[in-house]
Amino acid sequence: MLPACWRVIICLFITGGLFAQDKDTLVKVQNKAVTLKEVVVRNNLNVAAFIERIKNDTTFYKAFRNLKVLGYTSLNDISMFDKKEQVIASLHSRTKQLVNNGCRFTQVLEEQTTGDIYDKHHQFNYYTAGMYAGLFFAMDTICGETNIVGNAAFSTEGKSGLAKHKEQLKMLFFNPGKKIPGIPFIGGKVALFDDDVAMRYDFTIDMNEFKGEMCYVFTCIPRADLSAGEKDKIVVNNMTTWFNINTWEIVARNYDLSYDAGVYDFNVRMEVEMTHFGNYLVPKVLRYNGDWKVVMKSREKCVFTATLFDFKQSE
């Protein structure tokens, strides 16, 4: 017979009383089921206000707008792949954005290319590479831009072709969780916070450290019990965002998106990390791995990484 003290200890161990596990708490916020980790519950987070912050966040977009008024050096690594996962074109370069008197221009310091990454006019031959250039390069002098976000809203009105597609991608990239007009079969399916879409997802709020910064971590993934028909409506496989608990700025964000509409399909994963230059929040690293296919265009498989550093204000 075990001593009484040991019987108590074993009983506590079996029932969880000795090594208590953190308990998740499920709450309803604006008709959405949100799982709160124990550390969040103890921190008395205002969940409704937190969800509103996510829906209306502009710090992520602001960070990229800041690139329009700052100088910086960028290491650029772009690789295009064929169906056999062989590299068919690539670009590896080091560039420097110069800013002066409200104007900016990209200087190429080093560059190595392979395959047909450029066409005969030295324009990018691939749509994905062109999108990369639109984010980080200003090959012609551009003046009069600001980093002001204000009430700026993305719109496809009056746009067509490449300009329209760029605007749609900006909506998906900078305003995740909101409807995207003009994309057949998908526009409303990414509106994660609309009731008819939110019912397909599990939302979780946790607290954790991200590279030295304590953060709230908001995760959105599809529910495990979805029917086959409901699974076909999923576009966002995972969206995880880290928010600094003091400033509410976005520290990092990961996306995993995929959809097959027949006339087009895509499977894309992105990771973005932020840093500070003085009072400016700016992107530090952007990683992309994905492929897409639309009618009348060849499938594009691309992996790219942008690493930004040596930020400077206007000279």
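Residues numbered from 1 in each chain as written. Predicted model: local features only at pLDDT ≥ 70, side-chain atom pairs only at ≥ 80, totals over all residues. Heavy atoms only, no water.

Chemist: So what exactly am I meant to see when it comes to a nonpolar patch on the surface here?
Modeler: Together, Phe185, Val263, Val295 and Met296 make up an exposed nonpolar region whose accessible area comes to about 460 Å². The residue Met296 is located in the loop between β12 (280-294) and β13 (300-312) in this model. (Patch = residues over 30% accessible without salt bridge, like charges linked within 9 Å, V, L, I, M, F, W, Y side chains within 5 Å. Areas by Shrake-Rupley, 256 points an atom, 1.4 Å probe, with all protein chains shown as cover. Salt bridge = Lys/Arg side-chain N within 4 Å of Asp/Glu carboxyl O. Helix = DSSP H or I, 4+ residues; strand = E, 2+ residues; numbered from the N terminus.)

Chemist: I'm lost on unusual backbone geometry in this one. Help?
Modeler: Among all residues except glycine, the phi angle is most often negative; among peptide bonds, the trans geometry is most common. The backbone of His122 sits at a positive phi, close to 60 degrees, despite the residue not being glycine. Mapped onto the elements of the fold, His122 is located in the loop between β5 (103-115) and α5 (127-136). In the Ramachandran plot, Asp310 falls in the positive-phi region, its phi being about 55 degrees despite a non-glycine side chain. Inspection of the secondary structure puts Asp310 in strand β13.

Chemist: Please explain the side chain of Asp57 as it appears in this structure.
Modeler: The topology assignment puts Asp57 in the loop between α3 (47-56) and α4 (59-65). There is no salt bridge for the buried Asp57, and the closest opposite charge comes from Arg253, which lies 5.0 Å off by N-O distance. Among the polar contacts made by the side chain of Asp57, one reaches the main-chain amide nitrogen of Phe60 at a distance of 3.3 Å. Apart from residues lying up to four places away in sequence, Asp57 is in contact with Phe243, Trp248 and Ile250. (Buried < 20%, exposed > 50% of the residue type's maximum accessible area, 1.4 Å probe, protein only. Lys, Arg positive; Asp, Glu negative; His and termini not counted. Polar contact = N/O pair within 3.5 Å; in protein donor to acceptor, adjacent residues only side chain to side chain. Contact = heavy atoms within 4.5 Å.)

Chemist: So what exactly am I meant to see when it comes to the nonpolar core here?
Modeler: Most often, soluble globular proteins have nonpolar side chains that are buried together. Grouped together as the largest cluster of nonpolar side chains are 69 residues, with contacts concentrated most on Phe50, Phe136, Ile205 and Phe218. The greatest single-element share of this core, amounting to 6 residues, is contributed by strand β11 (residues 264-277). Not counting residues within four places of it along the chain, the set of residues in contact with Phe218 comprises Phe50, Ile51, Ile54, Phe193, Phe203, Thr204, Ile205, Met239, Thr240, Thr241 and Phe243. Phe210, Cys215, Val217 and Val251 belong to the second-largest nonpolar core, a separate cluster that totals 6 residues. (Core = buried A, V, L, I, M, F, W, Y, C linked by side-chain atoms within 4.5 Å.)

Chemist: What should I look at first to understand the packing of aromatic side chains in this one?
Modeler: Given two aromatic rings, their pairing is described by the distance between the two centres and the angle made by the two planes. The final tally for this structure, using the stated rule, is 19 aromatic pairs. Taken together, a centroid distance of 5.0 Å and an interplanar angle of 75 degrees make the contact between Tyr127 and Trp292 edge-to-face. Of the two residues, Tyr127 sits in helix α5 while Trp292 sits in strand β12, which places them 165 residues apart along the sequence. Accessibility assignment for this pair places Tyr127 and Trp292 in one class, buried. Here Arg253 stacks its cationic end above the ring of Phe60, 4.8 Å away from the centre of that ring. (Phe/Tyr/Trp six-rings, centres within 6.5 Å; stacked < 30°, edge-to-face > 60°. Lys NZ or Arg CZ within 6 Å of the ring centre and 35° of its normal.)

Chemist: How should I be thinking about the pattern of salt bridges in this particular structure?
Modeler: For side chains of opposite charge, pairing can occur when their charged atoms come near one another. Under the definition given, this model contains 15 salt bridges. Arg42 is the partner of Glu38 in a salt bridge, and the nearest nitrogen-oxygen pair spans 3.9 Å. Of the two residues, Glu38 and Arg42 both sit in helix α2 (residues 38-42), 4 residues apart, roughly one turn of that helix. Its relative accessible area of 54% is what places Arg42 among the exposed residues. For Lys233, the salt bridge is made with Glu230, and the minimal N-O distance between the two is 3.3 Å. A relative accessible area of 22% means that Glu230 is categorised as partly exposed. Look at the salt bridges and you will find they share partners, linking Lys211, Glu271, Glu273 and Arg287 into a network.

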